[in-house]
Amino acid sequence: MKKVTAILLLFVQLSATTEFSQLFKLPVLWQHYQEHKEENKDVSFISYLTMHYLNGDAKDADYERDMQLPFKTGSNYQVSSVASILPAPITATEPPVYYHLSEIVTSDDTFISSQFLSAIWQPPKA
């Protein structure tokens, strides 16, 4: 049941907010092809599609019918999506404090005993 509901909601979303709704006009495409076929028996479906989609929009006798075909006119949908990213709240903090060292500090390893350093590489003892 969840799958059917998800497919239904996806279908409704696509048909309402995208050009997917143009596919509902496919029967009009076929009917208009049949009208052209009655006028001229030699018209193939490919030549019909070429005439209506690749040769521009010529204002001929059936121009109004041509504009009813799928993907001939755009839908007047305005899709807007807003990403809500809120900045981190600004809190009052004190300015950073910088310390100036008056002398250079160097590390002196002489205080570490050699027994301690050699014990690192020994196996653990229970």
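Located above this text is the structure these notes cover.
To keep things clear, this report deals only with the structure shown in the data block. Values in this document were obtained by computation on a predicted structure and should not be read as measured data. (Residues numbered from 1 in each chain as written. Predicted model: local features only at pLDDT ≥ 70, side-chain atom pairs only at ≥ 80, totals over all residues. Heavy atoms only, no water.)

**Here we look at the packing of aromatic side chains**
Here is step 1 of the chain: Considering all chains together, one arrives at 6 aromatic pairs under this definition.
Here is step 2 of the chain: Ring centres of Trp30 and Tyr33 lie 5.2 Å apart, and the angle between their planes is 45 degrees; this geometry places the pair in the tilted category. One end of the pair is Trp30 and the other is Tyr33, both in helix H2 (residues 26-39) and 3 residues apart, which spans about a single turn.
Here is step 3 of the chain: Taking the relative accessible area as the measure of exposure, Trp30 reaches 47% and is therefore partly exposed.
Here is step 4 of the chain: For Tyr33, a relative accessible area of 8% gives the class buried. (Phe/Tyr/Trp six-rings, centres within 6.5 Å; stacked < 30°, edge-to-face > 60°. Helix = DSSP H or I, 4+ residues; strand = E, 2+ residues; numbered from the N terminus. Buried < 20%, exposed > 50% of the residue type's maximum accessible area, 1.4 Å probe, protein only.)

**Details of the pattern of salt bridges**
Any two side chains of opposite charge can pair, so long as their charged atoms come close to each other.
Here is step 1 of the chain: Here the structure, examined in full by the defined rule, presents 1 salt bridge.
Here is step 2 of the chain: For the salt bridge of Arg65 with Glu35, the shortest nitrogen-to-oxygen distance reads 3.2 Å. Here Glu35 lies in helix H2 and Arg65 lies in helix H4 (residues 63-66), a separation of 30 residues in the sequence. (Salt bridge = Lys/Arg side-chain N within 4 Å of Asp/Glu carboxyl O.)

**Description of the side chain of His52**
Here is step 1 of the chain: Its place among the elements puts His52 in helix H3 (residues 45-54).
Here is step 2 of the chain: Classification of His52 as buried rests on a relative accessible area of 5%.
Here is step 3 of the chain: At a separation of 3.1 Å, a polar atom in the side chain of His52 contacts the main-chain carbonyl oxygen of Tyr48. (Polar contact = N/O pair within 3.5 Å; in protein donor to acceptor, adjacent residues only side chain to side chain.)

**Concerning the packing of H2 against H3**
Here is step 1 of the chain: At a closest axis distance of 11 Å, the pairing of H2 and H3 adopts a crossing angle of 105 degrees. One way to sum up the angle between H2 and H3 is to call them roughly perpendicular. The segment H2 lies against H3, with Leu29, Trp30, His32, Tyr33 and His36 engaging Phe45, Tyr48, Leu49, Met51, His52 and Tyr53.
Here is step 2 of the chain: Split into classes, the residues belonging to the contact of H2 with H3 amount to 8 nonpolar, 3 polar and no charged. (Axes fitted to C-alpha atoms, helices over the stretch in contact; angles between N-to-C directions. Parallel < 35°, antiparallel > 145°, perpendicular 65-115°, else oblique. Contact = heavy atoms within 4.5 Å. Nonpolar A, V, L, I, M, F, W, Y, C, P; charged D, E, K, R; others polar.)

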